[in-house]
Amino acid sequence: MAQFHEVSKQSSLHPKPAGLDLQYGTAGFRTNAKQLDHIMFRMGLLATIRSKKTKATIGVMVTASHNPEEDNGVKLVDPMGEMVTPTWEGYATQLANAEQEGLLTALRDIIEKEAVNMSQEAGVFVGKDTRSSSSSLSQAVIDGVSALGGHCKDYGLVTTPQLHYMVCCHNTQGKYGEATVEGYYNKLCQAFIQLTKNASNRTDDQKHLSVDGANGIGALKVREMERHLKQELKISLFNDGSKGKLNHHCGADFVKVQQKPPTGIKLNPGERCCSFDGDADRIVYYYTGSEGHFHLLDGDKIATLISTFLKELLTQAGLHLKIAVVQTAYANGSSTHYLEDIMKVIVRCTKTGVKHLHHAAQQFDIGVYFEANGHGTVLFSKAAEEKIQHLAEDPNTDDSRKRAALLLQNTINVINQTVGDALSDMLLIEAILAIKDLTIQQWDAIYTDLPNRQLKVKVADRRVIDTTDAERRAVSPAGLQEAIDSLVKKYRQARSFVRPSGTEDVVRVYAEAETQESADTLAHEVSLAVY
Ligand code: NG1
Ligand code: ZN
């Protein structure tokens, strides 16, 4: 077929280094940018086939999120804005690792297995982050799409969640919103402005927020978005990419893992600040207390704030909807205790990786999911959205129930339900703090985090560690879990687990305990048990 001739011709311009083997992991492909040209071309091919198969537009995002500037990566986005299925992740790995002369065979194999009609039209949306390698790598994706005759729309510099949003809007014929960056800002910002109308007499301090843009795409986009916010949110932007290096001593991952403020930001005592990661799909908040102590409000605190707000609105609206919070093993023990025992909401724990959380959240009327690192969003079932809309539009609804229903509607509109989104989460958090008239200190005081520590351990082969119970217990190698159990027993309120990372060649160790010293020592002891 002529199409395959073109693939063959074009692929020689994006050759695979012989012997290089890469895996499509939790976050797609991610490694040093120099190794990725052939991967990008091939993901352009795969996205085109996926588009033909699903008869819908597929997204391809070129980013390595919080990794260093030298790295890059690529993720495919399925028709409703979600991650691709495990079977297609497998195809991605097969296609990526086929040696140059075997590429067409690998491609034909996928087409046959999936019975793809190659005469079906295909559409692919492409986006990229601000890394210096992203332009040529996204061009390689576009070359791959063109080689198979697919139609490509290049969104250029966008955040990962913006690209997910575009794909979802396009495939739902605009029902979710308009598939443009302007459309995205309009929808989110209008909802935000409506929400803040429910907060009276906000002071300038309450409207002010300091943002660490991680020297990445989030910095560019928050500037663009601010113009739509009509002074209802005034942002001081730091790490905007003009001086510093992407993710270097800044950004959400740095702040969460190091438990300290990013460099390049001016932190006045008590002031509300937040950090995005390198592709703006994560956010964490923080402030320093008057005593100079650093206070982090991570994904768990965010999930608690959002679920409390939603639960109160549901009560006010008189709506009986099932709300749940989905976490991972990294969730601070205090947050789980607060949610289950004090707030009395359903809590689920899944394996690390957004697709697991997203899937679990879909099982409820309202599913709030957040990883402790600040990646998360809220999902509303179709039935829940309809009930809320019905209540808001019903002329017989009394005023207080109507107010709650309208607040819920605007909350739905400010949220990007396709994936965790730092910009959207920031607007939702700011709106909730305004409506509930909460300072960041009051939000922080909802519960006190158990001191915790995360470490990375380099081992010969991280795959020897196998886990169960949402990664909270190790089943292999033999004896490891017993060793962890006996170390944990030495400390009060302690918990610890290990798991192989899905994005780096390391084993991650997590420990929490009554004091920071105990958490640090326990993490260290457990990391020695891993060797
Ligand atoms: P791994 O490397 O599997 O721990 C990390 C994060 C995940 C998720 C992915 C994708 C932690 C402990 N892990 O996964 O939560 O965000 O990257 O980016 O933060
Ligand atoms: Zn990210």
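All of these numbers come straight from a predicted model, not from anything done at the bench.

**Some remarks on the site of ligand 1**
Around ligand 1, 14 residues are found, and the nearest of them are Ala-27, Asn-373, Ser-501, Gly-502 and Thr-503. Taken together, the residues of the shell around ligand 1 sort by class into 2 nonpolar, 9 polar and 3 charged.

**Examining the environment of Gly-374**
Relative to the helices and strands, Gly-374 is located in the loop between strand E13 (366-370) and strand E14 (376-380). Remark: the alpha-carbon pair of Gly-374 and His-359, spanning 15 residues in sequence, is separated by 17 Å. Setting aside anything within four residues of it in sequence, one finds Gly-374 in contact with Ala-252, Lys-256, Arg-282, Ile-283, Val-284, Asp-298, Gly-299 and Ile-302.

**A short note on the UniProt feature "domain: Alpha-D-phosphohexomutase alpha/beta/alpha" (unreviewed entry) in the protein chain**
Per the UniProt record, "domain: Alpha-D-phosphohexomutase alpha/beta/alpha" (unreviewed entry) is found at residues 52-88 and 114-169. The annotated region residues 52-88 carries 16% helix and 32% strand content, and the separation between its end C-alpha atoms amounts to 13 Å. Helix and strand shares over residues 114-169 are 43% and 23% respectively, and the end C-alpha atoms of the span are 26 Å apart.

**Focus on helix H18 (residues 480-488)**
An α-helical turn contains 3.6 residues, so a residue and the one three or four places further along point in the same direction. Of all the positions in H18, only Leu-480, Ile-484 and Leu-487 are classed as buried. Down the axis, H18 shows its buried residues gathered within 65° of arc, on one side only. Turned more than 90 degrees away from the buried face of H18 sit Glu-482, Asp-485 and Ser-486, all of them exposed. Structurally, H18 contributes buried residues whose contacts are with strand E17 (473-476), strand E18 (495-500) and helix H19 (516-530).

**A few points about the domain arrangement of the protein chain**
By the assigned domains, the protein chain splits into domain 1 (2-157), domain 2 (183-297), domain 3 (299-421 + 431-444) and domain 4 (452-530). Here domain 2 and domain 3 have C-alpha centroids that lie 21 Å from each other. Those elements giving two or more residues to the side of domain 2 that touches domain 3 turn out to be helix H7 (181-196), helix H10 (252-258), strand E9 (283-288) and strand E10 (294-297). Ranked by residues supplied to the side of domain 2 that touches domain 3, first place goes to H7 with 7 residues. Along the lines of polarity and charge, the residues of the side of domain 2 that touches domain 3 split into 11 nonpolar, 6 polar and 7 charged.

**Focus on the confidence of the model for the protein chain**
On average, residues of the protein chain carry a pLDDT of 96, and 100% of them reach 70 or more. As a predicted assembly, this complex carries a pTM of 0.97 together with an ipTM value of 0.98.

**Let's talk about the UniProt feature "active site" (unreviewed entry) in the protein chain**
Annotation from UniProt places "active site" (unreviewed entry) at Ser-65. Owing to 28 C-beta atoms within 10 Å, Ser-65 belongs among the buried residues under this scheme. Residues within four places of Ser-65 in sequence aside, it is in contact with Ala-27, Asp-277, Gly-278 and Asp-279.

**Some remarks on the sheet that holds strand E7 (residues 234-238)**
Across the sheet, 5 strands lie side by side as E7-E6-E8-E9-E10; this open sheet has mixed pairing. Two strands lie at the open edges of the sheet, namely E7 and E10, each paired on one side alone. Within the sheet, the average angular offset between the axes of one strand and its neighbour, ignoring direction, is 30°.

**Some details on the nonpolar core**
For soluble globular proteins, nonpolar side chains are generally found buried alongside one another. In terms of nonpolar packing, the biggest core is built from 134 residues, with Met-40, Met-43 and Ile-306 touching the most fellow members. Look past the residues within four positions of Ile-306 in its chain and what remains in contact with it is Val-368, Val-378, Leu-428 and Ile-432.

**Observations concerning the pairing of strand E4 (residues 123-128)**
Of all 6 residues making up E4, 6 are buried, and the element is well covered by its neighbours. The alternating pattern of E4 places Gly-123, Phe-125 and Gly-127 and Val-124, Val-126 and Lys-128 on opposite faces, both of which are buried. Bridging between strand E2 (residues 58-62) and E4 involves 5 bridges; their strand directions are parallel. In the strand pairing of E4, Val-60 is matched with Val-126. Since E4 and strand E5 (residues 151-157) lie parallel, the crossover through helix H5 (residues 134-147) that links them has a hand, and here it is right-handed.

**Digging into the sheet that holds E2**
Working definition: the strands of a sheet are paired by backbone hydrogen bonds and lie parallel or antiparallel to each other. Reading across from one edge, E1-E3-E2-E4-E5 is the order of the 5 strands in this open sheet, with mixed pairing throughout. Where the open sheet ends on each side, the last strands, each with one partner, are strand E1 (29-32) and E5. If you compare each strand with its neighbour and ignore which way they point, the axes differ by 15° on average. Of the strand pairs in this sheet, E2 and strand E3 (residues 71-77) are connected by 4 bridges, and their pairing is antiparallel. Bridging across to E3, Val-60 finds its partner in Leu-76.

**Quick notes on the packing of helix H2 (residues 37-54) against H5**
One can describe the packing of H2 onto H5 by two numbers: an axis separation of 7 Å at closest approach and a directional angle of 40°. When the interaxial angle is binned, H2 and H5 end up oblique. The interaxial crossing formed by H2 with H5 has right-handed handedness. Residues Asp-37, Met-40, Phe-41, Arg-42, Met-43, Gly-44, Leu-45, Ala-47 and Thr-48 of H2 pack against Leu-137, Ala-140, Val-141, Ile-142, Asp-143, Gly-144, Val-145 and Ala-147 of H5.

Thresholds applied
- Residues numbered from 1 in each chain as written.
- Chains lettered and ligands numbered in written order.
- Predicted model: local features only at pLDDT ≥ 70, side-chain atom pairs only at ≥ 80, totals over all residues.
- Near = placed C-beta within 6 Å.
- Nonpolar A, V, L, I, M, F, W, Y, C, P; charged D, E, K, R; others polar.
- Helix = DSSP H or I, 4+ residues; strand = E, 2+ residues; numbered from the N terminus.
- Contact = placed C-beta atoms within 7 Å.
- UniProt positions renumbered as here; feature names shortened; annotations may be inferred.
- Buried ≥ 20, exposed ≤ 12 C-beta atoms within 10 Å, placed from the backbone.
- Arc of directions from axis to C-beta.
- Domains from an automatic or database assignment.
- pLDDT = per-residue confidence, 0-100.
- Pairing = 2+ DSSP bridges.
- Axes fitted to C-alpha atoms, helices over the stretch in contact; angles between N-to-C directions.
- Core = buried A, V, L, I, M, F, W, Y, C linked by C-beta atoms within 7 Å.
- Right-handed = clockwise from strand over helix to strand, strands pointing away.
- Parallel < 35°, antiparallel > 145°, perpendicular 65-115°, else oblique.
- Left-handed = near helix turned anticlockwise from the far one by under 90°.

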